[in-house]
Amino acid sequence: METQLSGYVHSIESFGTVDGPGIRLVVFFQGCPMRCLYCHNPDTWRMTDGQPATVEQIMEQYRKNRVFYRKGGITATGGEPLMQLDFLTALFEAAKQEGVHTCLDTSGATFRPDDAALCARFDRLMNATDLIMLDLKQVLAQRHHQLTGQANDGILAFARYASDRGKALWIRHVVVPGYTDDEESLTALGRFMATLKGVQALDVLPYHTMGVPKYRALGMPYPLEGVSPMDAEGAQRARQVILNAYRREKSTHQS
């Protein structure tokens, strides 16, 4: 095991309860290729802003509170954990050696299906990954680029790849007024989800503005200035549109 392999982390949450099943050690990886307009953690973007940590240091932190994690495990989130693929893989392999449940919270943004060497490294990661919380920001290509500054072909390819590998998937989606809340976008997401195996949950999150003070502290303009937060009822309505499209698509393929 590469327990001395080091990487960069933003922070570590000792008792996370919303990042996978049970109580979890949540490791926020530093670095992200996306520039989502609604991102509330811009301080995770640059790798050099993080703190160095080794696999062994993280595992030791887990061991100290192991009794609390009996029904939980370790979650890697970010930023984007896949930016540090080898470090992430080493951490998950170390966790599996000790019988720890592993959860990857990712957008899949760094996946390239035509890169055989990269896919081999992803295969190794998948062997040590129990659950993927897949953050699908926008299925429609042009709108995805407008929202994140990145294309989504690799992201959708990663979703299919994880599905084909038989990974358990929890889908996460943020509903942003004017960007992802229209019926066309929500329906497209539901239809895409229906093509994936292993989908166990759908978590639709309302857009919020809690990150605005962080932008101000960093001296950065907030990209969605003037966009009102989405209320819980709006997020619930969006979730229902997604699920309706998902069920219709599933029914079409089963009939």
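The structure under discussion appears in the preceding block.
Residues numbered from 1 in each chain as written. Predicted model: local features only at pLDDT ≥ 70, side-chain atom pairs only at ≥ 80, totals over all residues. Heavy atoms only, no water.

## Some thoughts on the nonpolar core
Counting 75 residues, the largest nonpolar core has Ile74 and Phe158 as its most contacted members. At eight residues, the largest contribution of residues to this core is made by helix H2 (residues 85-97). Excluding residues within four positions of it along the chain, Ile74 makes contact with Arg24, Leu25, Val27, Met59, Tyr62, Leu91, Ala95, Val100, His101, Thr102 and Cys103. (Core = buried A, V, L, I, M, F, W, Y, C linked by side-chain atoms within 4.5 Å. Buried < 20%, exposed > 50% of the residue type's maximum accessible area, 1.4 Å probe, protein only. Helix = DSSP H or I, 4+ residues; strand = E, 2+ residues; numbered from the N terminus. Contact = heavy atoms within 4.5 Å.)

## Some remarks on a nonpolar patch on the surface
A cluster of nonpolar side chains, contributed by Phe15, Ile23, Val67 and Phe68, occupies part of the molecular surface with about 390 Å² of accessible area. A relative accessible area of 41% places Phe15 in the partly exposed class. (Patch = residues over 30% accessible without salt bridge, like charges linked within 9 Å, V, L, I, M, F, W, Y side chains within 5 Å. Areas by Shrake-Rupley, 256 points an atom, 1.4 Å probe, with all protein chains shown as cover. Salt bridge = Lys/Arg side-chain N within 4 Å of Asp/Glu carboxyl O.)

## Observations concerning helix H6 (residues 183-193)
With eight of 11 residues buried, H6 is to be regarded as a mostly interior element. When we look at burial in H6, the residues that qualify are Ser185, Leu186, Thr187, Ala188, Leu189, Gly190, Phe192 and Met193.

## Structural notes on the environment of Ala168
Relative to the assigned elements, Ala168 resides in strand S7 (residues 168-175). Sequence-wise, Ala168 and Glu13 are 155 residues apart; in three dimensions their C-alpha atoms are separated by 23 Å. Once you skip the residues sitting within four places of it in the chain, Ala168 turns out to touch Asp130, Leu131, Ile132, Gly198 and Gln200.

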